[in-house]
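Per-entry structural report
These are the residues of each chain, in order.
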Amino acid sequence: MSRAAVPGLASRYPIGGLLPALYADDDLAQRFTAGLDTVLAPVLSTLDNLPAYFDPALAPADFLPWLASWVGVESDAASPEELRRAVVRRAVELHRWRGTRRGLVEHLRLCFGVHADVRDGGGAAWSSTPGAELPPAPTGELLVRVWPVDGGSVDGGSVDADRVRDVVGASCPVHLTCRVEILPGPPDETGG
């Protein structure tokens, strides 16, 4: 959609009606100002609706990438429009949780519409029992398991596994290796 030229859009503030009474019956002045009204009507319409352009739920679809750049999120054109709107709407929250398990799971859900299970192989462990055995050495691996929400196909369906790996790789801490498993459904309780 183009906001530059909208055929037949009437101006809410016709210039001809704002002229002094002397020009009210002047045909040339009225036709000239009507031409200006045609040019200015889309501009005035955009300004009248300006708050809607800053609301991710109401902004035109072609305006979303620019709005996403304002809040520092990447807008993937291949994602459904509703998911892109949700990412922009929740950008501040996503930034607050960036680098955490919760942030990665939510980012994957919003970007691709998938569920994720994140297993962190970092190195922090503690025990409330004094003198307890030391925990095993950290694996140094971040394991992310991803599966579709509605039993759809991840690899052959609506979600590109390479794009999922790119998002996970960008969110993975530098000191950990990152591994992504694409599952057909939720993992069972035994971890398989």
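For the structure given in this document, a descriptive report is provided here. Note that the structure is predicted; figures quoted are calculated from it, not measured. (Residues numbered from 1 in each chain as written. Predicted model: local features only at pLDDT ≥ 70, side-chain atom pairs only at ≥ 80, totals over all residues. Heavy atoms only, no water.)

**Concerning the overall build of the protein chain**
- On a plain count of helices and strands, the protein chain comes out with seven helices and three strands.
- Listing every helix and strand of the protein chain by position from the N terminus yields α-α-α-α-α-α-β-β-α-β.
- Each of the 192 residues in the protein chain was classed as buried or not, and the buried ones make up 29%.
- For the protein chain, restricting intrachain contacts to residue pairs at least 6 apart in sequence, the fraction spanning at least 24 positions comes to 58%.
- Here the protein chain has roughly 12600 Å² of accessible surface; of this, 59% comes from carbon and sulfur atoms. (Helix = DSSP H or I, 4+ residues; strand = E, 2+ residues; numbered from the N terminus. Buried < 20%, exposed > 50% of the residue type's maximum accessible area, 1.4 Å probe, protein only. Contact = heavy atoms within 4.5 Å. Areas by Shrake-Rupley, 256 points an atom, 1.4 Å probe, with all protein chains shown as cover.)

**Brief notes about the packing of helix H4 (residues 81-89) against helix H6 (residues 101-112)**
- Between H4 and H6, the least distance of the axes is 7 Å, while the angle of their chain directions is 145 degrees. Along the contact surface, H4 presents Leu83, Ala86 and Val87, while H6 presents Arg109, Leu110, Cys111 and Phe112. (Axes fitted to C-alpha atoms, helices over the stretch in contact; angles between N-to-C directions.)

**Considerations on the sheet that holds strand S1 (residues 114-120)**
- An order of S1-S2-S3 is seen for the three strands of this open sheet, with the pairing classed as mixed. Both edges of this open sheet fall to S1 and strand S3 (177-182), since each of them pairs with a single strand only. Mean inter-strand twist for the sheet, computed between neighbouring axes without regard to direction, equals 20 degrees.
- Here strand S2 (residues 141-148) runs beside S3; their pairing, made up of six bridges, is parallel. Note on S3: the bridge partner recorded for Glu141 is Thr177.
- H6 contacts S1 and S2 of the sheet and is inclined by roughly 155 degrees relative to S1. (Pairing = 2+ DSSP bridges.)

**Focus: the nonpolar core**
- Ranked by internal contacts, the top residues of the largest apolar core, which has 30 residues, are Leu108, Phe112, Val144, Val146, Val164 and Val168.
- Listed by contribution, the elements that provide at least two residues to this core are helix H3 (64-70), H4, helix H5 (91-96), H6, S1, S2, helix H7 (161-171) and S3.
- Per-element tally for this core: the top contributor is H6, with five residues.
- Apart from the residues within four sequence positions on either side, Val168 is in contact with Leu104, Leu108, Val144, Cys178 and Val180. (Core = buried A, V, L, I, M, F, W, Y, C linked by side-chain atoms within 4.5 Å.)

**Description of the environment of Pro80**
- Examined against the element boundaries, Pro80 turns out to sit in the loop between H3 and H4.
- Judged by its relative accessible area of 48%, Pro80 is partly exposed.
- Separated by 31 residues in the primary sequence, Pro80 and Cys111 place their C-alpha atoms 8.8 Å from one another.

Interpretation in functional terms is not warranted from these geometric data alone.
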